[in-house]
Amino acid sequence: MSETLLVLLAGAAAGALNAVGGGGTFVALPALVAVGLPPVTANAASSIALVPGSVASAWVYRREITPVGSTSTTALTTVSVVGGGLGAGLLLALPAAAFDTAVPWLLAFATVVLAFGRHLSRAVSTAVGRPVGMSPRTVLVGQFFLALYGGYFGGAVGILMLALWSVGLGLDAATGNPMRVTQVAAVYLSATALFLVASEALSAPLLLVGMLAGAVVGGFAGAHLARRLSARLLRGVILTTAVTMTVLYFLRTSFPWAG
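None of the values given here were measured: they were computed from a predicted structure.

**Observations regarding the layout of surface pockets**
Gaps left between atoms are located by rolling a probe of water-molecule size over the structure's atoms.
Here's step 1: Put simply, the second largest pocket is a space of about 300 Å³.
Here's step 2: Considering the residues around the second largest pocket, the lining is formed by 16 residues, among which Leu 106, Phe 145, Leu 146, Tyr 149 and Leu 160 are closest to the centre.
Here's step 3: Of all the secondary-structure elements, those providing two or more residues to the lining of the second largest pocket are helix H5 (97-128), helix H6 (136-152) and helix H7 (157-169).

**Here we look at the nonpolar core**
Here's step 1: Phe 26, Leu 32, Phe 153, Met 161, Trp 165, Phe 195 and Met 211 are the most contacted members of the largest nonpolar core, which has 67 residues in total.
Here's step 2: Those residues in contact with Trp 165, other than ones at most four positions away along the chain, are Val 68, Leu 76, Gln 143, Gly 170, Leu 171, Gly 176, Met 179, Arg 180 and Gln 183.

**Section: the packing of helix H1 (residues 3-20) against helix H8 (residues 173-198)**
Here's step 1: Closest axis-to-axis distance for the H1/H8 pair is 8 Å, and the angle between their directions is 130°. The orientation of H1 relative to H8 falls into the category oblique. Across the interface between the two elements, Asn 18, Ala 19 and Val 20 from H1 touch Asn 177, Arg 180, Val 181 and Tyr 188 from H8.
Here's step 2: Residue classes in the contact of H1 with H8 are distributed as four nonpolar, two polar and one charged.

**Remarks on the environment of Tyr 249**
Here's step 1: By secondary structure assignment, the location of Tyr 249 is in helix H10 (residues 231-254).
Here's step 2: For the pair Tyr 249 and Phe 26, spaced 223 residues apart in sequence, the C-alpha to C-alpha distance is 8.3 Å.

**Thoughts on helix H2 (residues 25-34)**
Here's step 1: Here H2 has its buried residues at Thr 25, Phe 26, Ala 28, Leu 29, Ala 31 and Leu 32.
Here's step 2: Immediately downstream of H2, the backbone of Gly 36 shows phi near 110°, a positive value.

Calculation rules
- Sequence order as written defines the numbering, with residues in each chain counted from 1.
- In keeping with the model being predicted, local features are shown solely for residues with a pLDDT of at least 70 and side-chain atom pairs are shown and tallied solely at 80 or more, while totals for entire chains, interfaces and linings include all residues.
- Neither water nor hydrogens contribute to the side-chain values; these are computed over all heavy atoms in the structure.
- Residues are said to line a cavity or pocket when one of their atoms sits within 4 Å of a point; the points come from a 1 Å grid over protein atoms alone, cavities being sets where a 1.4 Å probe fits but cannot get out and pockets being open sets with protein on both sides within 12 Å along at least five of seven lines.
- Grid points are joined across faces, edges and corners, and a volume is the space filled by probe spheres set on the points.
- The helix count covers DSSP runs of H or I at least four residues long, the strand count covers runs of E at least two residues long, and both are numbered beginning at the N terminus.
- We call a set of buried Ala, Val, Leu, Ile, Met, Phe, Trp, Tyr and Cys residues a nonpolar core when their side-chain atoms join them within 4.5 Å.
- Only protein chains enter the accessibility calculation, which uses a 1.4 Å probe; a residue is then buried when its area is under 20% of its type maximum, exposed when over 50%, and partly exposed in between.
- Only heavy atoms matter for contacts: two residues are in contact if any of them lie within 4.5 Å across the pair.
- For every element, the axis is a line fit to its C-alpha atoms; helices are fit only across the contacting stretch, and the angle between N-to-C directions ranges from 0 to 180 degrees.
- Roughly parallel means an angle under 35 degrees; roughly antiparallel, over 145; roughly perpendicular, 65 to 115; everything else is oblique.
- When residues are grouped by polarity, Ala, Val, Leu, Ile, Met, Phe, Trp, Tyr, Cys and Pro land in nonpolar, Asp, Glu, Lys and Arg in charged, and all others, Gly among them, in polar.

The values reported here are purely geometric and, on their own, carry no functional implication.
This is the structure we're talking about:
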């Protein structure tokens with residue numbers, strides 16, 4: 001299989017994953033490393049390539065976006081854009097080894113919160129006799145740090161967003177999926193602006209264009225598929241993706257020679 005075809009197929013799979021449940025970076029990044037790009041360059045290139053797919057998915061979902069609690073969608077998106085740009089700057093300026101070690105634990109935490117967050121939120125609300133939820137300011141602070149992470153690494157940032165909204169506001173994963181797609185696109189857009197100027201991502205234009213084209217097709221098709229899934233099935237897909245990505249990343253960290 002040619003390198004261009006490999007990254008085209010990886011881009012399509014990544015775009016579809018991002019639209020349905022998140023975790024597309026875990027497909028795109030290894031594919032680019034496999035064809036010879038250095039890890040930091042591959043991370044930047046995958047972020048750039050996945051932007052159009054995320055935008056295509058957000059366009060499909062545009063009429064189904066539900067606000068995150070009482071937080072302004074404009075404010076949330078602004079924070080995502082700013083955090084994504086700053087995270088991209090950190091990727092280019094700092095070594096990734098220490099942060100990379102923490103990623104599987106972040107994903108494990110996010111998976112547990114996704115699985116039990118709404119139940120925990122309801123249990124706490126019942127115990128104290130009133131709804132428990134994050135204030136808009138707390139949501140924005142949490143979103144900023146997630147966007148910072150998304151610009152820096154990007155892997156499963158959408159899963160982490162759903163986990164935050166689930167435990168903090170009791171927001172259902174299926175209901176929050178359109179907003180997740182939109183916010184991931186915002187994070188990638190600002191990160192991409194910096195990567196295009198300051199990284200080596202454009203050093204392999206054919207690979208970049210191949211993955212980008214695949215991501216657009218996958219993102220558009222994946223969003224249409226997700227809209228046809230029942231809320232229960234979509235929650236199952238998102239949680240399954242989260243568990244799979246967490247296990248794969250623990251394996252990658254424990255056995256780097258296999259990744």
